[in-house]
Amino acid sequence: MIQVNEPPVADAGPAEIIQCVVDEDDFVVTFDAKTTYDINDDTLSYSWDFGDLSPITSGMEVDHRYKTTGVYDVKLIVDDNTDMGCGSNIDFLKVQLNDAPKADAGQDISVCPGEEVILDGTRSFANPPGTIAGQWTFGDGLSANGLRDRKS
């Protein structure tokens, strides 16, 4: 009798997870390998390496809490438990945790009716650096886009 074993097909989910960190809960990322399969219907084991030197975790769906923002290379190892050289497969994904952008609308301003006001949000920033878009809502039903605007 000859048994041919196909390796499992590991699927760690999307190729990239980008998450904005506003509070501590945003450091938790959920990983899901439910679309992984084995054509031989072998029982599968799942091992996750989260790319942050934490211990490897087992399970099809797992949550992991990162300690800092950054970019992490995550590896999913799926094993079909046949102890054969072709009994495992690997998939990779990237996790990017970014600090939430910080809006800075500048100092409070007092003006008289009809007086022109220059709004300046250019001290707003993002980490990692990137393009920041601004939107002003004036409270009178009007709004404007951009980091600098004039309102009269």
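Above this note sits the structure.
About the criteria used
- Sequence order as written defines residue numbering, which begins from 1 separately in each chain.
- Reporting of local features is limited, given that this is a predicted model, to residues whose pLDDT is at least 70; pairs of side-chain atoms are given and counted only at 80 or more, and all residues count toward the totals for whole chains, interfaces and linings.
- Computation of side-chain values: all heavy atoms of the structure, hydrogens and water removed.
- Side-chain rings of Phe, Tyr and Trp (the six-membered ring for Trp) are treated as a pair once their centres are within 6.5 Å; stacked means planes under 30 degrees apart, edge-to-face means over 60, and tilted covers the remaining angles.
- Working definition: helices are DSSP H or I runs of at least four residues, strands are E runs of at least two. Numbering for both runs from the N terminus.
- Categorising residues by exposure relies on relative accessible area from a 1.4 Å probe, with only protein chains included: less than 20% of the type maximum marks a residue as buried, more than 50% marks it as exposed, and the intermediate range marks it as partly exposed.
- For two strands to pair, DSSP has to find at least two bridges joining them.
- Should any heavy atoms of two residues lie within 4.5 Å, those residues are counted as being in contact.

(A) Geometry of the packing of aromatic side chains. Tallied over the entire structure, the rule returns three aromatic pairs. Ring centres 5.2 Å apart and planes at 40° place the aromatic pair Phe31 and Phe50 in the tilted group. Separated by 19 residues along the polypeptide, Phe31 in strand β2 (residues 28-32) and Phe50 in the loop between β3 (45-49) and β4 (57-58) bring together distant segments of the chain. As far as the burial class goes, Phe31 and Phe50 line up, both buried. Counting every residue linked through ring pairs, the aromatic cluster contains Phe31, Trp48 and Phe50.

(B) Focus on the pairing of strand β6 (residues 70-79). Looking at chain direction, β3 and β6 are connected through five bridges and run antiparallel. The partner of Ser47 across the bridge, within β6, is Ile77. Note that β6 and strand β7 (residues 88-102) share 10 bridges and pair antiparallel. Paired with Asp79 across the two strands is Ser88, which belongs to β7.

(C) Spatial organisation of the environment of Asp120. As for its placement among the helices and strands, Asp120 is situated in strand β8 (residues 117-120). Spatially, the C-alpha atoms of Asp120 and Lys67 are 34 Å apart, while their sequence positions differ by 53 residues. For Asp120, the contacting residues outside a window of four places in its chain are Asp104, Ala105, Gly106, Trp136, Leu147 and Arg148.

(D) Highlighting unusual backbone geometry. The phi angle at Leu53 is positive, at roughly 70°, despite the residue not being glycine. Looking at where Leu53 falls in the secondary structure, it is placed in the loop between β3 and β4. Of note, Asn81 is a non-glycine position whose phi angle comes to about 60°, a positive value. Position of Asn81 among the secondary structure elements: in the loop between β6 and β7. Judged by relative accessible area, which is 43%, Asn81 ranks as partly exposed.

(E) Local environment of the pairing of β3. Residues Tyr46 and Trp48 of β3 are buried on one face, while the alternating residues Ser45, Ser47 and Asp49, pointing to the opposite face, are not. Inspection of the sheet shows β3 paired to β4 by two bridges, in the antiparallel sense. Of the residues in β4, the one forming a bridge with Trp48 is Thr57.

Just geometry here; none of it tells us what the structure is for.
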